[in-house]
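Chain by chain, the residues run as shown.
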Amino acid sequence: MLRLFEAIAVLSLAAQPVLAEQPGSARMSELTYLVRQDCGSCHGMTLKGGLGKPLQPTNLKQWDREQLTQIILNGVPGTPMPPWRDLLSEEDARWIADALKQGHIK
Amino acid sequence: MTRIWPALVLFALVWLPLSAQSAELRGTGDLGIIIERASGSVVIVDTTRHAILGRVTGLGDLSHASAVFSRDQRYAYVFGRDGGLTKVDLLTATVAKRVMQSGNSIGGAISDDGQLVAVSNYEPGGVKVFNSTTLELVADIPATYGEKAEMSKTVGLVDAPGRKFVFSLYDAGEIWIADLSEPAAPQVRKLKNAGNQPYDALITGNGRHYIAGLFGEDGLAHVDLWSDQPEVRKILQGYGRGEQELPVYKMPHLEGWAQADELFILPAVGHHQLLAMDARTFEEVGRIDVHSQPVFAVARPDGRQVWVNFAHPDNDTIQVIDVPSLKVVHEFKPGPATLHMEFTPRGHEVWLSVRDSDKVYIYDTRTFEKVGELDAAKPSGIFFTARAGRTGL
């Protein structure tokens, strides 16, 4: 599944220069692993929720890509959701937001 | 026809010794399980021989899974994240029973008499209690709170003496003590205003003190269960949660292993520190600077040492605290995602799961030498059967 997504990402990279700031494929693998294993410790490894909210596409409809990107980077004050800015770049966070909304990380 | 003979001979050679072996008597006091979180399986281990005895599959989503043991130490009850409760037979390496008891759960406990297994649920929030033999539901305690009758996630579920279970309501900030003497009619004492966002809790080995960590405020919530009128008292108020706060990438855990000699050694949320608290007065007596944000601080069963692991991205490191001096006396790097530590019953060895290496490493706790290793797929929790005889584990 990831391979397919990478292939699509690479194709769209070629087609749309605006996506040139996407992480490389090795980084995409790292980010997928991070989302499942480390985000997963609160949100569930299959992203169905835990102490944190579920992160499946239907749960994320109410936020757009930029809002999710900002939540990832800045956290949600008053909740255990931490700011990931020290560990993730804007491009990383945007890629995760897209991948979650589109259900590419399971 | 002649082809069948080699097959029969092979069958006899392989099957006969195996069947003889499976009939061999053995105890379970030195067994344990290791959770393989990504593959929904557990491996059964022999802690004397450092060997894997078998693997049991089909346990569902085991991220953050934990386990308790039957009093006879033959069965493990494994609590999966997806609400699955599985009773695993350690002697036959099979699933003895399995139920899907909710949509989303976080840990469980077994009553002091071994009759009841309780599971703490996020969705829908509350605690369900099962007959430990049949896994039939015997009581359901929904975590309903407030005027609007909202449901809270429940955390920090522990067993307490007298067929009781104690747990905390994350969203409500309450601590509930449920007496299951009559399983059909649980008596629940609700302690309100326990603090903001309790995230995990522990009970001391004597069953007296229940301590919940608070994510949303400075301090911890303490309940003396020996009191006739148990109430919540805040302890370690103002330890600095909130001041120069660091992002918390992984919630710390509180465990029954936190008590070491006359101290509690507890992770400080959002700090690169452990808090040392006097076990009688509950006053802070010191802080220990450590490598990063602690996740587990686990005392060796004799209380002489406390072993600490850390949150992402510093979770490749272990530090060992010497309790009498409160100093870090040893540090090493087993590898990225060193998630869990479990001591042998009297603490001569410790087993560490290193998720990203697909390994479990075994160390001598006095020399710190590595004395063994096992292969396991994405290992996380390690649980040894000796927990069966301890309150709160």
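Residues numbered from 1 in each chain as written. Chains lettered and ligands numbered in written order. Predicted model: local features only at pLDDT ≥ 70, side-chain atom pairs only at ≥ 80, totals over all residues. Heavy atoms only, no water.

K.L.:
Hey, could you run me through the sheet that holds strand 10 (residues 125-131) of chain B in this one?
P.N.:
The strands making up a sheet associate through backbone hydrogen bonding, with each pair oriented either parallel or antiparallel. Residues and elements named next belong to chain B. Pairing in this open sheet of four strands is antiparallel, and the strands run 8-9-10-11 from one edge to the other. Looking at which strands have only one partner, the edges of the open sheet turn out to be strand 8 (104-110) and strand 11 (137-142). Pairs of neighbouring strands in the sheet enclose a mean axial angle of 20°, with direction left out of account. Direction of pairing for strand 10 relative to strand 11: antiparallel, over a ladder of five bridges. Pairing of F130 across the sheet is with L137, part of strand 11. (Pairing = 2+ DSSP bridges. Helix = DSSP H or I, 4+ residues; strand = E, 2+ residues; numbered from the N terminus. Axes fitted to C-alpha atoms, helices over the stretch in contact; angles between N-to-C directions.)

K.L.:
Any chance you could explain helix 4 (residues 90-101) of chain A here in plain terms?
P.N.:
For an α-helix, 3.6 residues make a turn, and residues three or four places apart therefore share a direction. Residues and elements named next belong to chain A. Over its 12 residues, helix 4 runs 16 Å from end to end, which matches the ideal 16 Å to within 8%, given 1.5 Å per residue. Counting buried residues along helix 4, nine of its 12 residues qualify, which places the element largely inside the surrounding structure. Among all positions in helix 4, only D92, A93, R94, W95, I96, A97, D98, A99 and L100 are buried. A positive phi of about 70° marks G103, the residue just after helix 4. (Expected span 1.5 Å × (residues − 1). Buried < 20%, exposed > 50% of the residue type's maximum accessible area, 1.4 Å probe, protein only.)

K.L.:
Honestly, the environment of Y77 of chain B in this entry has me stumped. Any pointers?
P.N.:
Residue and element names in this part refer to chain B. Relative to the elements of secondary structure, Y77 occurs in strand 5 (residues 75-79). Using a relative accessible area of 2% as the deciding quantity, one classes Y77 as buried. On a C-alpha basis, the gap between Y77 and M277 in space is 32 Å, while along the polypeptide they are 200 residues apart. Excluding its chain neighbours within four sequence positions, the residues that come into contact with Y77 are S66, A67, V68, F69, S70, L85, T86, K87, I110, V117, S132 and L135. (Contact = heavy atoms within 4.5 Å.)

K.L.:
Would you mind going over the pattern of salt bridges with me for this structure?
P.N.:
Should their charged atoms come close, side chains of opposite charge can pair. A complete count under the given rule lists 23 salt bridges over all chains for this structure. Notably, a salt bridge pairs D92 of chain A with R27 of chain A, separated by 2.7 Å at the nearest N-O pair. Placement of the pair is D92 of chain A in helix 4 and R27 of chain A in helix 2 (residues 25-43), with a sequence separation of 65 residues. Its salt-bridge partner being R287 of chain B, residue E284 of chain B comes within 2.7 Å of it at the nearest N-O pair. The class for R287 of chain B is partly exposed, based on a relative accessible area of 33%. It is possible to trace a salt-bridge network through shared partners that takes in E66, R85, E90 and R94 of chain A. (Salt bridge = Lys/Arg side-chain N within 4 Å of Asp/Glu carboxyl O.)

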